[in-house]
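# Commentary on secondary and tertiary structure
Here is what each chain is made of, one letter per residue.
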Amino acid sequence: MRGGLPLLGRMLALVVPALGLAGCWRSTPSLEVAITNWPAYEYLYLAEQRQLGQRHGLELKVRQFGSLQDQRLAYVRGDVDLLATTLPETIATCQDAPARCPVLILVLDESRGGDMVLGAPGLRSMADLAGRSVGVEATVLAQVLLLRGLQPHGLGLDDLRLVPGDPSDLVEGLRGGRLAAIVTYVPHATPLLAEGRYPRLFGSERLPGEVVDVLAVDPLVLRRHPERVRALVATWWEARRWAREHPDQAVALMADREGLSAAAFKASEAGLVYPGPADQRRLLAPKGPVAASLDRMARLMLRAGRIAPTAPRPRPSTVALDGDG
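For the structure given in this document, a descriptive report is provided here. The structure displayed is predicted, hence computed values, not measured ones.

## Focus: the state of the cysteines
Under the counting rule described, the total for this entry stands at 1 disulfide. Across a sulfur-sulfur distance of 2.0 Å, C94 and C101 are joined as a disulfide pair. Because the sign of the S-S torsion sets the handedness, a value of about 75 degrees for the bond joining C94 and C101 places this disulfide among the right-handed ones. We note that C94, like C101, is buried.

## Examining the environment of G66
Within the secondary structure, G66 is located in the loop between β2 (59-64) and α3 (68-77). Sequence-wise, G66 and G305 are 239 residues apart; in three dimensions their C-alpha atoms are separated by 26 Å.

## Brief notes about the environment of G271
Note on placement: G271 falls in the loop between α11 (262-268) and β11 (272-273). Placed 171 residues apart in sequence, G271 and R100 show a C-alpha to C-alpha distance of 31 Å.

## Focus on the pairing of strand β7 (residues 161-164)
Bridge count for strand β6 (residues 133-136) against β7 is 4 bridges, and the pairing is parallel. Counterpart to G135 in the pairing with β7 is V163. Crossover β6 to β7 through helix α5 (residues 140-150) is right-handed.

## Quick notes on the side chain of R240
With respect to the secondary-structure elements, R240 resides in helix α9 (residues 226-245). No salt bridge is formed by the buried R240; its nearest oppositely charged neighbour, E269, is found at 4.7 Å. When sequence neighbours within four positions are dropped, the list of residues in contact with R240 reads Y43 and Y274.

## A few points about helix α6 (residues 167-175)
Among the residues of α6, P167, L170, V171, G173 and L174 are the ones counted as buried. Along the long axis of α6, the arc covered by the buried residues comes to 160 degrees, so they all point the same way. Where α6 is buried, its residues meet β5 (115-119), β6, β7, β8 (181-185) and α7 (190-195).

Scoring rules and cut-offs
Residues numbered from 1 in each chain as written. Predicted model: local features only at pLDDT ≥ 70, side-chain atom pairs only at ≥ 80, totals over all residues. Heavy atoms only, no water. Disulfide = S-S within 2.5 Å. Buried < 20%, exposed > 50% of the residue type's maximum accessible area, 1.4 Å probe, protein only. Helix = DSSP H or I, 4+ residues; strand = E, 2+ residues; numbered from the N terminus. Pairing = 2+ DSSP bridges. Right-handed = clockwise from strand over helix to strand, strands pointing away. Lys, Arg positive; Asp, Glu negative; His and termini not counted. Salt bridge = Lys/Arg side-chain N within 4 Å of Asp/Glu carboxyl O. Contact = heavy atoms within 4.5 Å. Arc of directions from axis to C-beta.

In structure tokens:
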């Protein structure tokens, strides 16, 4: 056939390049990060939705969990390899899965008021909780926050009637008068704070530098795929940058996923501080602030019988910061 290929040849000429392109698309390195409802974690969701990881050769996938405990148990089972989580949860993870004791590669935020104990109308201090029913999510951070708030009053967890529940149930329990107080956090606490009826008995603002959220990774994944982990760190900064440049779009996307108005989402971020790239090496240094907070919390959890003396500890590391920006 003059001026062209035989039919089969023409078909192959079209199909083979297409297969090659599809193969390239499928081979894009990917990482899946487990998150829960927390304003800072929404920037990972933002990065996924805007495909910001593609700029760094990474396909970022976000997996949502209903609670920090569910997220941690998924890691212990081996269902997920990376967590956006709190320091005490990483300590508990090492207790439950010592062979996968995670490496802490990035400080996402510090909670300076985002986590709190809210009381029923009329209560005035943590001392008023002795002998009363206190709602608490089954997370280590909730217990640590309670312990730190009770210590100055000579009280411990045994002096309370702890009532477990998920975040939404706790809010309704406080509203309905079934609970004297709850350990909660934004965005779940946002409607209660807006009502102005529930006194703030204790909050993370009284624990400067201690209540921080981190990216925690399985050490084997870090050893096998350091370039992907560095790309993930770069993607975090890309998301933060994109949000600064497109604030209305970013807030609308993140607020919608949490079921909040844009104004409520902005209010939920008021109790958070986001360290920048220049802060990370200091925070994650071997004897830096994160290591010191881990030591303080581990000693508290050890005294409370939450971890064993032989349990390994999470390790802060700056190895993934080569891709920071």
